[in-house]
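Residues per chain, in single letters:
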Amino acid sequence: MRIDVVSIFPEYLAALDLSLIGKARQDGLLDLNVHDLRDFTTDRHRTVDDTPYGGGAGMVMKAEPWAQALASVADAGTDGGTANDGGTSDGGTRPVLIVPSPAGAVFTQAMAYELAEEKHLVFACGRYEGIDERVLEWAGERFDVRPVSLGDYVLNGGEVAVLAMVEAIGRLVPGVVGNPESLVEESHSDGLLEYPVYTKPSSWRERDVPEILLSGNHGKIAQWRREQQLQRTAARRPDLLDKFDASQLTKADKAALTALGYEVTKDRILPRG
Ligand code: SAM
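These remarks concern the structure in this document. Treat the numbers as computed from the prediction; the structure is a model and nothing was measured.

**Re unusual backbone geometry**
Here comes step 1: Cis geometry is adopted by the peptide bond preceding Pro201, which originates at Lys200 and carries an omega value of 5 degrees.
Here comes step 2: Counting through the fold element by element, Pro201 comes out in the loop between α6 (181-184) and β8 (203-204).
Here comes step 3: Even without a glycine there, the phi angle at Ser19 is positive, about 55 degrees.
Here comes step 4: Counting through the fold element by element, Ser19 comes out in helix α1 (residues 19-26).
Here comes step 5: Not every positive phi belongs to a glycine, and Arg205 is a case in point at roughly 45 degrees.

**Regarding the sheet that holds strand β6 (residues 120-124)**
Here comes step 1: Strand order across the open sheet formed by five strands is β2-β1-β6-β5-β7, with parallel pairing between neighbours. Looking at strand neighbours, the two that pair on one side only are β2 (31-36) and β7 (144-149), the edges of this open sheet. Sheet twist, expressed as the average angle between the axes of neighbouring strands with direction ignored, equals 30 degrees.
Here comes step 2: With seven bridges joining them, strand β5 (residues 96-106) and β7 adopt parallel strand pairing. Along β7, the bridge assignment pairs Ile98 with Arg146.
Here comes step 3: Across the sheet, helix α2 (residues 63-74) touches β1 (2-7), β2, β5 and β6, and the angle it forms with β6 is around 165 degrees.
Here comes step 4: Sheet strands touched by helix α5 (residues 159-170): β1, β2, β5, β6 and β7. Its angle to β6, the strand with the most contacts, is close to 160 degrees.

**Describing the pattern of salt bridges**
Here comes step 1: The full count for this structure, using the stated rule, is 16 salt bridges.
Here comes step 2: Notably, a salt bridge pairs Arg2 with Asp4, separated by 2.8 Å at the nearest N-O pair. Neither Arg2 nor Asp4 differs from the other in exposure class; each is buried.
Here comes step 3: Between Arg127 and Glu159 there is a salt bridge, with the nearest N and O atoms lying 2.8 Å from each other. With Arg127 in the loop between β6 and α4 (133-139) and Glu159 in helix α5, this pair connects stretches of sequence that are 32 residues apart. The pair formed by Arg127 and Glu159 is uniform in burial state, with each residue classed as buried.
Here comes step 4: Sharing partners across several salt bridges, the network here consists of Arg2, Asp4 and Asp31.

**Remarks on the site of the ligand**
Here comes step 1: The local shell around the ligand holds 19 residues, among which Pro100, Glu129, Leu150, Tyr153 and Leu155 are the closest.
Here comes step 2: Here a nitrogen atom of the ligand and a backbone polar atom of Ser101 are 3.3 Å apart.
Here comes step 3: Here the ligand loses 82% of its free accessible area of 580 Å² to cover by the protein chains.
Here comes step 4: Listing elements by their share of the shell around the ligand, those giving two or more residues are β5 and β7.
Here comes step 5: No other element matches β5, which puts three residues into the shell around the ligand.
Here comes step 6: Looking at the shell around the ligand, its residues break down into nine nonpolar, eight polar and two charged.

Definitions and limits used
Residues numbered from 1 in each chain as written. Predicted model: local features only at pLDDT ≥ 70, side-chain atom pairs only at ≥ 80, totals over all residues. Heavy atoms only, no water. Helix = DSSP H or I, 4+ residues; strand = E, 2+ residues; numbered from the N terminus. Pairing = 2+ DSSP bridges. Axes fitted to C-alpha atoms, helices over the stretch in contact; angles between N-to-C directions. Contact = heavy atoms within 4.5 Å. Salt bridge = Lys/Arg side-chain N within 4 Å of Asp/Glu carboxyl O. Buried < 20%, exposed > 50% of the residue type's maximum accessible area, 1.4 Å probe, protein only. Near = heavy atom within 4 Å. Polar contact = N/O pair within 3.5 Å; in protein donor to acceptor, adjacent residues only side chain to side chain. Areas by Shrake-Rupley, 256 points an atom, 1.4 Å probe, with all protein chains shown as cover. Nonpolar A, V, L, I, M, F, W, Y, C, P; charged D, E, K, R; others polar.

The values are spatial; any link to function lies outside them.
If you want it as structure tokens, here you go:
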């Protein structure tokens, strides 16, 4: 997969040289390139912002440097196919332009899985009050443009959002995480939060690991973990249960949810009362 990130603070993205993403870059699984937006300006001061039309506080990022920067990377991912498909892709698909914005669709694990299938992702890091809206319209001619939010709060710039998204997407690219099994049972992979995890020693500061985990009975451990997933999701993120596909529930799941105060209908999990 090719990834291009455009920012006025390219040094912010240095963390992408570390850990598993850094290793994936070294191994050639992720071809990640960071660009300084100011390199695409033409004036002496390398200006990237100006006052907003209509008045108001703050500055807005100018359209032309963005157009130049995006045009320079638009075709960069067209040769060689993807790392994910062994290079067999026909190169016909448009790159995805992800524009971090608190006014975008909220980033989710499902979105990360979808984007991990792409051949070329471009991230446009906004600053100030954001990017002149016409850039997004113009970019729609060459990119699949997606404004994406990290969550319902406001950051100073898109760089932190890009660090989070590249890590979440990059670790789903085949080969980036050594043991793919570890991706299967994670929070959000099946619509539920992950069960609690423990390691040695079995007794620590008068707190014991749940006995079932020491039993060696894999069936019972799996059942306990599933109950814990349901219990934790109900306690911390009941909104996820509301969206959960109830047809995937086993008899034991339904019993656990009933004990937690939920009513399970054919296609919904509803809090009782
Ligand atoms: N005026 C904008 C608004 O209210 O929608 C906020 C601009 S914010 C100060 C500057 C930049 O930070 C945005 O252009 C975006 O790139 C990034 N940003 C801020 N909050 C974000 C969030 N929740 N998710 C993703 N990016 C965010």
